[in-house]
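Observations on the three-dimensional arrangement
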Amino acid sequence: MKMLLANAEAWPGFDTTVELLRQGGAGIDSMVSGIAKVEREAKVRSVGYGGWPNMLGEMEFDAGVMDGTTRDVGAVGAVPATLPVSALAHEVMKHLPHVMLTGAGARRFASERGFAVDEVLHPDSKRVWWERLQKEMSAEQQAAFPDIPLAPLSNTITDPERVRDTTVFLGRDASNGIGVVTSTSGWAWKYPGRLGDSPIPGAGFYADSRYGAAACTHTGEMTMRCSTSRSIVLAMRLGYTLADAIKLAVDELSELRTGFLAGVVIHAIDAKGNHQVVNYRCDEEIRYWYWDERMAAPELRVATAVKL
Ligand code: ASP
């Protein structure tokens, strides 16, 4: 059964991907086409052009692509000046012997593959970034910026209003191939060079067409420590139901006692056509888009909330 699951930010591209899947398009191609629209939509304030910069006011994008039939992966991290980065991750998968490129190397490869050098810092993001940074810096620090130690700021600058989000698409196509695609600008005001979980296979995403797929949003600093997406798919391989596999992953997250701890949203599908989205510890209501071929139109639904 063809199906598509994505988080609430997917709205600019969800219908595009559904239409391509309906027409028999390959899962990854269809999802990359949809996410490209999300990345270019300035109203989506967490991904692509509408996202938030790092502490230096520079956009650094992360993205990942996984084909669950071959287990091929392409990923890019901390990429400057490039949209859409999920398409760039797909190019890594198709044209290099590597799985992941970061920073300047990823930008160089983008030029080789014909991606323009884009203006990616939204003027409003620049304004909010500087206002936020000014609040945290003394007059001396402001005068010396950016030649100041950034690490002390990174502990205080997290902004509850504008923290993080990612767009994740998990799909099953006409040949029962299951795949997953992610894209994000990462945490607002992150330390330069920081990678989140969205480009890390096993943490932010994982797919195996025989069992299912999972993708996470919110606190990558937790899912990277627990390999959350891979754990869910491996648990299903070992015979867990989708719900029990997610419960195992949530239990692992809740065992963490140190480091940066906050909310995580888990999106997962299995090869039998089930899906679940679980909001672990996020205060706000989390919603997601769902469509399968039995449905006339996609639906925006509310995730199951879990607080341990
Ligand atoms: N998980 C992403 C990261 O850690 C951000 C998010 O989805 O909120 O960069």
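Residues numbered from 1 in each chain as written. Predicted model: local features only at pLDDT ≥ 70, side-chain atom pairs only at ≥ 80, totals over all residues. Heavy atoms only, no water.

Points about the UniProt feature "binding site: substrate" (unreviewed entry) in the protein
Under the feature "binding site: substrate" (unreviewed entry), the UniProt entry names Arg194, Leu195, Gly196, Asp197, Thr217, His218, Thr219 and Gly220. Checking the named residues against the largest cavity, the ones that line it are Arg194, Gly196, Asp197, His218 and Gly220. Mapped onto the secondary structure, histidine 218 falls in strand 8 (residues 212-218). Looking at histidine 218, the relative accessible area reads 12%, which means it is buried. Assessed through its relative accessible area of 0%, threonine 219 is described here as buried. (UniProt positions renumbered as here; feature names shortened; annotations may be inferred. 1 Å grid on protein atoms, 1.4 Å probe; cavity = no way out; pocket = protein on both sides within 12 Å on 5 of 7 lines; lining within 4 Å. Helix = DSSP H or I, 4+ residues; strand = E, 2+ residues; numbered from the N terminus. Buried < 20%, exposed > 50% of the residue type's maximum accessible area, 1.4 Å probe, protein only.)

Structural notes on the sheet that holds strand 7 (residues 205-208)
An order of 7-8-9-10-13 is seen for the 5 strands of this open sheet, with the pairing classed as mixed. Edge positions in the sheet fall to strand 7 and strand 13 (304-306), since each of these pairs with one other strand and no more. In this sheet, adjacent strand axes meet at a mean angle of 20° when their direction is disregarded. Taken strand by strand, helix 9 (residues 228-237) contacts strand 7, strand 8 and strand 9 (264-270), and its axis lies near 155° from that of strand 8. (Pairing = 2+ DSSP bridges. Axes fitted to C-alpha atoms, helices over the stretch in contact; angles between N-to-C directions. Contact = heavy atoms within 4.5 Å.)

A word on the pattern of salt bridges
Per the stated rule, a full pass over the model turns up 14 salt bridges. In this structure, the salt-bridge partner of arginine 45 is aspartate 124, at a minimum N-O distance of 3.0 Å. With a gap of 79 residues between them, arginine 45 in the loop between helix 2 (27-40) and strand 2 (61-67) and aspartate 124 in helix 5 (residues 123-136) connect regions that are remote in the sequence. A relative accessible area of 27% places arginine 45 in the partly exposed class. Between arginine 301 and glutamate 299 there is a salt bridge, and its shortest N-O distance comes to 3.0 Å. Take glutamate 299: its relative accessible area is 36%, and that puts it in the partly exposed class. Three or more residues are tied together by salt bridges with common partners; here these are Arg45, Asp124, Arg127 and Glu131. (Salt bridge = Lys/Arg side-chain N within 4 Å of Asp/Glu carboxyl O.)

A word on the sheet that holds strand 3 (residues 72-79)
Pairing is mixed across the open sheet formed by 8 strands, whose spatial order is 4-3-2-6-5-1-11-12. The open sheet has two edge strands with one neighbour each: strand 4 (100-102) and strand 12 (299-302). For this sheet, the mean angle separating the axes of adjacent strands, direction not counted, is 15°. As judged from the 5 bridges shared by strand 1 (residues 3-7) and strand 11 (residues 287-292), these two strands associate in the antiparallel manner. Paired with leucine 4 across the strands is tryptophan 291, a residue of strand 11. Helix-sheet contacts for helix 1 (residues 14-22) involve strand 1, strand 5 (167-172) and strand 11, and the interaxial angle to strand 1 is about 165°. With respect to the sheet, helix 3 (residues 85-95) is in contact with strand 2, strand 3, strand 4 and strand 6 (178-184), its orientation differing from that of strand 3 by roughly 130°.

Notes on helix 10 (residues 242-255)
The first and last C-alpha atoms of helix 10 sit 20 Å apart over 14 residues, in line with the 20 Å expected at 1.5 Å per residue. Among the residues of helix 10, those classed as buried are Leu242, Ala245, Ile246, Ala249, Val250, Leu253 and Ser254. Its buried side turned inward, helix 10 meets helix 8 (220-226), helix 9, strand 9, strand 10 (275-280) and strand 13. (Expected span 1.5 Å × (residues − 1).)

Some details on a nonpolar patch on the surface
There is a patch of nonpolar side chains on the surface, built from Leu234, Leu238 and Tyr240 and spanning about 300 Å² of accessible area. Judged by its relative accessible area of 64%, leucine 238 is exposed. (Patch = residues over 30% accessible without salt bridge, like charges linked within 9 Å, V, L, I, M, F, W, Y side chains within 5 Å. Areas by Shrake-Rupley, 256 points an atom, 1.4 Å probe, with all protein chains shown as cover.)

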